[in-house]
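Structural features, examined
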Amino acid sequence: MSARVQIVVAVHNVERPIERAVASALAASPTGESNVVVVAHGLDPAALEKKLAGFDPGRVTVLPFADGIRSPSGPFNYGLAHATAEFVGLLGSDDELERGSIDDALARADRDGADMVIFAIAHAGGDAIATPLARPWRTRHLHPVKDRLFSRSAPLGIVRREQVTKLAPVFDPQFVTGEDLSFSAHLFSTASISYARNAPGYLIHDDASDRVTTAAVLDLSVAFAAVKALADEPWVLATSADNRRALAAKIMRVQVLGAVTKRLDDDRALAPAELTALRETTAAWREVSRTALDDFPRRDRAVIAVLESGDEAALRAAMVRMKSSSLIDRLVPIKPWRLLARESVLRRYVIYFAHRMTPRRAS
């Protein structure tokens, strides 16, 4: 009988620890319900087949793929397009799935009738990554807003292949970063999601020197390309006001403020195209939801107000004030009665620490 889950691994460098990734994906289902599709991205597939010769050839397939683009988008999409299993999943070539994670996720999917089961994520040998910041007691039928699903950008877990086919492509190769934002957010807003919160999950390794997805200080016009495009997608404009509000809050907090903070820590002046990208991206997401910033603290609101002006000197001054702001300005929104609202800093901290106090594995 065919395996119920196929895990796609994209490899662009034959020196990557692909044996570790493949071994983990197979061990993630001791019952034998996982197969692995390895996509040789611009590589001779024979070189990878040689490295993987010790694995059961009935459970590991190597596919050649070349697009001349240094991005995992193309090979991941290619591998998913060739998958035939009931469920599919993604795995970085330098990452791992914990033993039993796929069997546990399948059991949850069967029990809950879920379209996707989200893996818990952690740094290998380190701390868990608390996304999404779901309600601590909730593990099935997660709500996109109440369980903050949009805070998870990458679709790491197992997904029914029919969902992937319906929303394909998973990755948009025209973008250098944020290429999976649209697929993940669309999936979280429409599908039935379960969360393997206290189960074996996904481990991120930091031992690869050439990791394609490693965050870098990008030109803001590049960093915001996918973010701005998402604001104009028909499904975003058609989804509920609550979904738009939650998604816009996440985008402004993580993709916009996060990228701006990192970029301004660099000594380079902002190029005109970057200032334009800042102004246009901020304006686009303010149009998506006019109430998305209501729960933001005064400190963040002050910076966002300057983003819309496109004035670099004013922006750098605002960032300096942001770093030295008082506790009140870091916590309290302009409307103080929203201090405990769902997207407020204080309430997010409370949920975050609740996650930290909960054991990640059931064992």
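Structural notes, computed from the coordinates. (Residues numbered from 1 in each chain as written. Predicted model: local features only at pLDDT ≥ 70, side-chain atom pairs only at ≥ 80, totals over all residues. Heavy atoms only, no water.)

Observations concerning the sheet that holds strand S8 (residues 128-129)
Put simply, the rule reads: Strand pairing is assigned whenever DSSP identifies at least 2 bridges connecting the two strands. Going along the chain from the N terminus, every DSSP run of H or I of four or more residues is numbered as a helix, and every run of E of two or more is numbered as a strand.
Pairing is mixed in the open sheet, where 4 strands are placed in the order S5-S11-S7-S8. Edge positions in the open sheet fall to strand S5 (96-97) and S8, since each of these has one partner strand only. Here 3 bridges tie strand S7 (residues 121-123) to strand S11 (residues 202-204), and the two strands are oriented parallel to one another. Residue pairing across strands places His123 opposite Ile204, the latter belonging to S11.

Concerning the packing of aromatic side chains
Stated formally: Each pair of aromatic rings taken from Phe, Tyr and Trp, with Trp reduced to its six-membered ring, is defined by centres within 6.5 Å and is described as stacked if the planes are under 30 degrees apart, edge-to-face if over 60, and tilted in the remaining cases. With a 1.4 Å probe rolled over the protein chains alone, any residue whose accessible area is under 20% of its type maximum counts as buried; one over 50% counts as exposed, and the rest are partly exposed.
Across all of its chains, the model carries 3 aromatic pairs by this definition. Measuring from centroid to centroid gives 5.4 Å for Phe76 and Phe171, while their planes differ by 25°, and the two rings are stacked. Residue Phe76 is found in helix H3 (residues 73-81), and its partner Phe171 is found in the loop between helix H5 (161-167) and helix H6 (181-190); the two are separated by 95 residues along the sequence. Residue class for Phe76 comes out buried when judged on its relative accessible area of 9%. Pairing Tyr352 with Phe353 gives two aromatic rings, centres 5.4 Å apart and planes at 70°, and the pair type is edge-to-face.

What about the sheet that holds strand S6 (residues 116-119)?
Note: strands within a sheet are paired through backbone hydrogen bonds, in either parallel or antiparallel orientation. Note the following rule: Fitted lines through C-alpha atoms serve as axes, helices being fitted only where they are in contact, and the angles separating the N-to-C directions of these axes extend from 0 to 180 degrees. Here a residue-residue contact requires only that any non-hydrogen atoms of the pair lie within 4.5 Å.
Pairing in this open sheet of 7 strands is mixed, and the strands run S3-S2-S1-S4-S9-S6-S10 from one edge to the other. Two strands lie at the open edges of the sheet, namely strand S3 (60-65) and strand S10 (193-196), each paired on one side alone. Mean inter-strand twist for the sheet, computed between neighbouring axes without regard to direction, equals 25°. Here S6 pairs with S10 via 4 bridges, running parallel. Opposite Phe119, over in S10, you have Ala196 as the bridge partner. Of the strands in this sheet, strand S1 (5-11), strand S2 (34-41), strand S4 (87-92), S6, strand S9 (157-160) and S10 touch helix H4 (residues 101-112), which is tilted by about 140° from S6.

By themselves, these figures tell us nothing about what the structure is for.
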